[in-house]
Amino acid sequence: MRTADLEPIPVGDHRLHGARAPLDLAAVGWDEEEWTASGTAASPSGAEAAYAVRVLVRRPAAASASGTLCAEWLNVSSGAEAAPEWTYLAEELVRAGHAWAGVSAQVVGVSGGAGSVAVDGGAPPAAPGLVGADPERYGHLVHPGDAWCHDIYVQVSRAVRDLVSATLVLAVGESQSACMLARHLTSHHGTDVHGPFDGYLIHSRAGALPPLEPAGVQHTMAEVLAQEPAPLPDGVAPTVVVQTETDVLGRMRSFPARQPDGPTLRTWEVAGTAHADKFQIDAFEELLGCPTPVNRGQQAFVLRAGLRALESWARGGAAPSSAEPLVVRDGAYAVDELGNVLGGVRTPAVDVAVERLSGFAPEGASLICQLFGSTTPLPAETLRSRWGTAEQYLAAYARATEAMIAAGFACPEDRQAILSEARPGVLTGDQDPS
């Protein structure tokens, strides 16, 4: 059983920045630490190679720690490392007291290479990785290639588990990282009886799995999407899969790999959501240059509930709620009178809708815009016909909120945040429909 060695990196620019305003960790009594994690990893074919990668650790004071560690497989689809699950889950992580680690599992994030998505719609530019972007700070890092990424992820997560004295470790990741976790769960989870992961939160996976080893130095989304669809194993470890409209019928094409819930598997397909959304991009939306406003669905609340349910399940609690799948007929989504999809995990934004929320962008939109879906305003007269007065709309929205919480798809602590997203002004003309 191998564990990475950890050496601290001095405080400085860790180059892991999201579009949303960063959480003030000091204000909530949390610490942030950056470490070099090094060791010798094995590939699936048995080849060994030395590595030295980075891991960013955020954790509460020991007195308020839950004993749970969420190890996020950092996403490298843009060519630079990102932590989308931290963005979506930070509120739940902090209030629950779960430590978080962002693991530099893939070679592109460390040593550089090409991303999978370009903002301008062209070919993804070459990215320098941490080493090229800041050689003074990260020049000592070395990643042998993605053939070794799974063992690196295991060893680093194990080391952080020991660092923070965690009694439970959850693997979390979104998009390309979710694909890698799906492969990990399928092929690597049971290969080491001392593996650190007690559960998996797999967010926006493709229907296909990455190959065991990449054709070249790095795994790419193109390589993933070229594979045949494959279901996930059941009976291995508690697993919650959260999928958006884009993931099921869009670019990620998970529909052919749909499978029923089982003893250790729950899949939540969330209505009115996109692979990425306004919550994730925040004020940087205009930089995408999309032809319509990006998706403004409420998947963040569903993801927080998913993490809470998974953590309890992995500790021996009840299984999470099961959800109906999104309704697909003849290869397309079935929709209601306003154009919002039927079925799936329901949120007030779709059950008491004032706009059309889709996982798809208009035809001809760039790849990045396709991933961010769209939001289409609806005429005020249509909304008044549907919901009546602003007061009646608010009452219906509140009922939908309570139903979402009661069904287990939102945390009670998020009640006020969900209610605050109601938009009665759209019915009265006092609020911009966009």
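Below is a summary of the structure that appears in this document. Remember, it's a predicted structure, so these values are computed and weren't measured experimentally.

1. Regarding the sheet that holds strand β3 (residues 48-60)
In spatial order, the strands read β1-β2-β3-β5-β4-β8-β9-β10-β11; together these 9 strands make up an open sheet with mixed pairing. On the outer flanks of this sheet lie β1 (5-9) and β11 (265-269), each paired with one strand and no other. Strand-to-strand twist of the sheet, defined as the mean angle between neighbouring strand axes without regard to direction, takes the value 20°. Both strand β4 (residues 68-73) and strand β5 (residues 99-103) contribute to a ladder of 5 bridges, which runs parallel. Paired with A71 across the two strands is A101, which belongs to β5. Against the sheet, helix α6 (residues 176-187) touches β4, β8 (168-174), β9 (199-203) and β10 (239-243), its axis set at about 145° to β9.

2. Details of the environment of L209
By the secondary structure assignment, L209 is in the loop between β9 and α7 (221-225). Looking at L209, the relative accessible area reads 7%, which means it is buried. As for L209 and A178, which are separated by 31 residues in sequence, their C-alpha atoms are 9.6 Å apart. Residue contacts for L209: discarding those within four places in its chain leaves A182, R183, T186, V224, Q227, E228, A230 and L232.

3. So, helix α1 (residues 84-96)
Residues separated by three or four positions in an α-helix point in the same direction, a consequence of the helix having 3.6 residues per turn. Over its 13 residues, α1 runs 19 Å from end to end, which matches the ideal 18 Å to within 8%, given 1.5 Å per residue. Among all positions in α1, only P84, E85, W86, T87, Y88, L89, A90, E92 and L93 are buried. A positive phi of about 80° marks G97, the residue just after α1.

4. Some thoughts on the packing of aromatic side chains
In total, this model carries 9 aromatic pairs according to the counting rule given. Measuring from ring centre to ring centre gives 4.9 Å for Y153 and F197, while their planes differ by 20°; the resulting arrangement is stacked. With Y153 in helix α5 (residues 149-164) and F197 in the loop between α6 and β9, the pair connects residues that are 44 residues apart, well separated along the chain. Accessibility expressed as a relative area gives 5% for F197, which makes it buried. Ring geometry for F197 versus Y200: centroids 6.0 Å apart, planes at 55°, classification tilted. The burial state of F197 is the same as that of Y200; both residues are buried. Joined through ring pairs, the aromatic side chains of W73, Y153, F197 and Y200 make up one cluster. Geometry around F279 places R20 over its ring, the cationic atom sitting 4.1 Å from the centre. Against the face of W86 rests R58, its NZ or CZ located 4.6 Å from the ring centre.

5. Considerations on unusual backbone geometry
In the Ramachandran plot, R15 falls in the positive-phi region, its phi being about 60° despite a non-glycine side chain. With respect to the helices, strands and loops of the structure, R15 is situated in the loop between β1 and β2 (30-42). The phi dihedral of S204 is positive, around 65°, even though this residue is not glycine. Position of S204 among the secondary structure elements: in the loop between β9 and α7. Judged by relative accessible area, S204 falls into the buried class, the value being 0%.

Scoring rules and cut-offs
- Residues numbered from 1 in each chain as written.
- Predicted model: local features only at pLDDT ≥ 70, side-chain atom pairs only at ≥ 80, totals over all residues.
- Heavy atoms only, no water.
- Pairing = 2+ DSSP bridges.
- Helix = DSSP H or I, 4+ residues; strand = E, 2+ residues; numbered from the N terminus.
- Axes fitted to C-alpha atoms, helices over the stretch in contact; angles between N-to-C directions.
- Contact = heavy atoms within 4.5 Å.
- Buried < 20%, exposed > 50% of the residue type's maximum accessible area, 1.4 Å probe, protein only.
- Expected span 1.5 Å × (residues − 1).
- Phe/Tyr/Trp six-rings, centres within 6.5 Å; stacked < 30°, edge-to-face > 60°.
- Lys NZ or Arg CZ within 6 Å of the ring centre and 35° of its normal.

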